[in-house]
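# Tertiary structure, described
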Amino acid sequence: MKSLHRPRRLRSTTNIRELSHEISYPGMERLIYPCFIQSGSQKMDPILAMPGQFRYSMDIFLKKLTDWKKLGIKNIALFPKIDENLKNSESSEALNENGFLPKALQQIKERHPEIAIFTDLALDPFSSDGHDGLVANGKILNDETVAVLAEMAVIHARNGADFVCPSDMMDGRVKKIREALEQSRYIDTGIVSYSAKYASSFYGPFREALDSAPRAGDKKTYQMDFRNQKEALKEAKLDFLEGADVLMVKPALSYLDVISKVKEKSILPVAAYNVSGEYAMVKASAEKGWIDGKKAILEILTSIHRAGADMIFTYHAPEYAEIMQKELK
Ligand code: PBG
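The paragraphs below set out a description of the structure included in this document. The model shown is predicted, which means the values in this text are computed figures rather than measured ones.

What follows is about the nonpolar core. Grouped together as the largest cluster of nonpolar side chains are 79 residues, with contacts concentrated most on F61, W68, I76, L78, I108, I259 and I304. Among residues more than four places away in sequence, those in contact with W68 are Y33, C35, Y56, F61, I73 and P318.

See below:
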């Protein structure tokens, strides 16, 4: 018997495809642009493995924000490159209220108050060991690290962060951070928890950008094993119970199943981080002419959204804004 269904009917013209599409391309309101900043002035150092991305000094960065706002960028995540001589095994610069990052936050809030700022909570940019936590005898200390992160969260909140984002994967950190924020009366500062952050090869270019790779060992005693999916649900549930506002899955592309599961099981919004190595793959192959970069970006961000991400951290944000402007014409 002949099938009564011919699915191609719904694909036959643009009008019909537009009438029947299931989700929209994610709008700029769903994106968070991760940016690298550094001390000094007149600096805009290219990050070699991330073509199009730079480490900006604040004078240039504040001007760039004006351009990006015109493109439709509404949210940024900040990653400071800390001077090598300020790194130590205690990561003490992370708690310097007069340090580079608190000042940068103040400057951005003053010049661009409408931009939502997401800050990262982890020690790696500040640590001479290049680990997200404090290290003793080759081990990453959990509770001692959590205490530092909670203090760090309060400093970020005080200086203008709208959301703090623990990316360290220590146990119990969301609870301690939430308690510290409440105690200091930063009741409106939110927590985007990197709930399911996997030990991934796709962070390579980011570590080049901040010179933050582990000096010894790897991150597998705290970041998750990429063979696991249920464990992501455990982490997400704990973070929900500890008071997180948003749950994140990271990286995005090899983890669309995890995004989808966390979205299905959780009542919180879900974020996905389209990480540096994913960005680098697109850029490298587009540069060689092996793929159409712009089409790939549209497809990638839409697929992350389709999987269940309400918000997406992506280095493609400025280019995507241009792609969308053309798409909507
Ligand atoms: C810091 C942190 C990392 C990333 C975000 N926050 C690196 C890491 O955990 O090693 C990676 C982001 C990216 O690759 O784009 N803990």
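Once you've had a look at it, read on.
The next subject is the packing of aromatic side chains. If you walk through the whole model with that rule in mind, you get 16 aromatic pairs. Ring plane angle 25° and centroid distance 4.3 Å describe the contact between Y198 and Y255, whose orientation is recorded as stacked. You can see Y198 sitting in the loop between β9 (190-197) and α6 (204-210) and its partner Y255 sitting in the loop between β10 (246-250) and α8 (256-265), a full 57 residues away along the chain. Neither residue differs from the other here; Y198 and Y255 are each classed as buried. Linked through ring pairs, F36, F79, F118, F163, Y194, F206, Y273, Y279, F313 and Y315 together constitute an aromatic cluster. Directly above the ring of Y203 sits K197, whose terminal nitrogen or CZ lies 5.4 Å from the centroid. Against the face of Y273 rests K250, its NZ or CZ located 4.7 Å from the ring centre.

The next thing to look at is the pattern of salt bridges. Applying the stated criterion across every chain yields a total of 17 salt bridges. The salt bridge partner of K219 is D124, with a shortest N-O separation of 3.3 Å. On the criterion of sequence distance, the pair formed by K219 in the loop between α6 and α7 (230-242) and D124 in the loop between β5 (116-121) and β6 (134-136) is long-range, its members being 95 residues apart. The exposure classification of K219 matches that of D124, with both residues buried. For the salt bridge of K294 with E319, the shortest nitrogen-to-oxygen distance reads 3.2 Å. Within this pair, whereas K294 is found in helix α10 (residues 293-307), its partner E319 is found in helix α11 (residues 317-328), the two being separated by 25 residues in sequence. The exposure class of K294 is partly exposed, given its relative accessible area of 40%. Overlapping salt bridges, with partners in common, bring together E84, K87 and R215 in one network.

Over the atoms, a rolling probe the size of a water molecule traces out where space has been left empty. Size it by volume and the largest pocket reaches roughly 430 Å³. Lining the largest pocket are 14 residues, with R17, E18, H21, I23 and Y25 sitting closest to its centre. Here the lining of the largest pocket takes four residues from helix α1 (residues 14-20), the largest share from any one element. The class makeup of the residues in the lining of the largest pocket is three nonpolar, five polar and six charged.

Taken together, the buried positions of helix α5 (residues 173-183) are occupied by R173, V174, I177, R178, A180 and L181. Along the axis of α5, the buried residues cluster in a sector spanning 165°; they form a single face. Next to the buried residues of α5 lie β5, α4 (142-159), β8 (163-166), β9 and α7. Within two residues after α5, R185 carries a phi angle of roughly 70°, on the positive side.

We now examine unusual backbone geometry. In the segment running from K250 into P251, the intervening peptide bond is cis, with an omega of -10°. Relative to the helices and strands, P251 resides in the loop between β10 and α8. Despite not being glycine, Q42 has its phi angle at roughly 55°, a positive value. Turning to its location among the elements, Q42 is positioned in the loop between β1 (31-38) and β2 (44-46). The phi torsion at D211 lies on the positive side, around 50°, for a residue other than glycine. You can see D211 is positioned in the loop between α6 and α7.

Moving on, we come to the side chain of K283. Here K283 shows up in helix α9 (residues 276-287). Exposure remark for K283: the relative accessible area of 16% places this residue in the buried category. The contact partners of K283, leaving out residues within four places of it in the chain, are P51 and E319.

The rules behind the values
- Residues numbered from 1 in each chain as written.
- Predicted model: local features only at pLDDT ≥ 70, side-chain atom pairs only at ≥ 80, totals over all residues.
- Heavy atoms only, no water.
- Core = buried A, V, L, I, M, F, W, Y, C linked by side-chain atoms within 4.5 Å.
- Buried < 20%, exposed > 50% of the residue type's maximum accessible area, 1.4 Å probe, protein only.
- Contact = heavy atoms within 4.5 Å.
- Phe/Tyr/Trp six-rings, centres within 6.5 Å; stacked < 30°, edge-to-face > 60°.
- Helix = DSSP H or I, 4+ residues; strand = E, 2+ residues; numbered from the N terminus.
- Lys NZ or Arg CZ within 6 Å of the ring centre and 35° of its normal.
- Salt bridge = Lys/Arg side-chain N within 4 Å of Asp/Glu carboxyl O.
- 1 Å grid on protein atoms, 1.4 Å probe; cavity = no way out; pocket = protein on both sides within 12 Å on 5 of 7 lines; lining within 4 Å.
- Points joined across faces, edges and corners; volume = space filled by probe spheres on them.
- Nonpolar A, V, L, I, M, F, W, Y, C, P; charged D, E, K, R; others polar.
- Arc of directions from axis to C-beta.

This is a description of form; function is not addressed.
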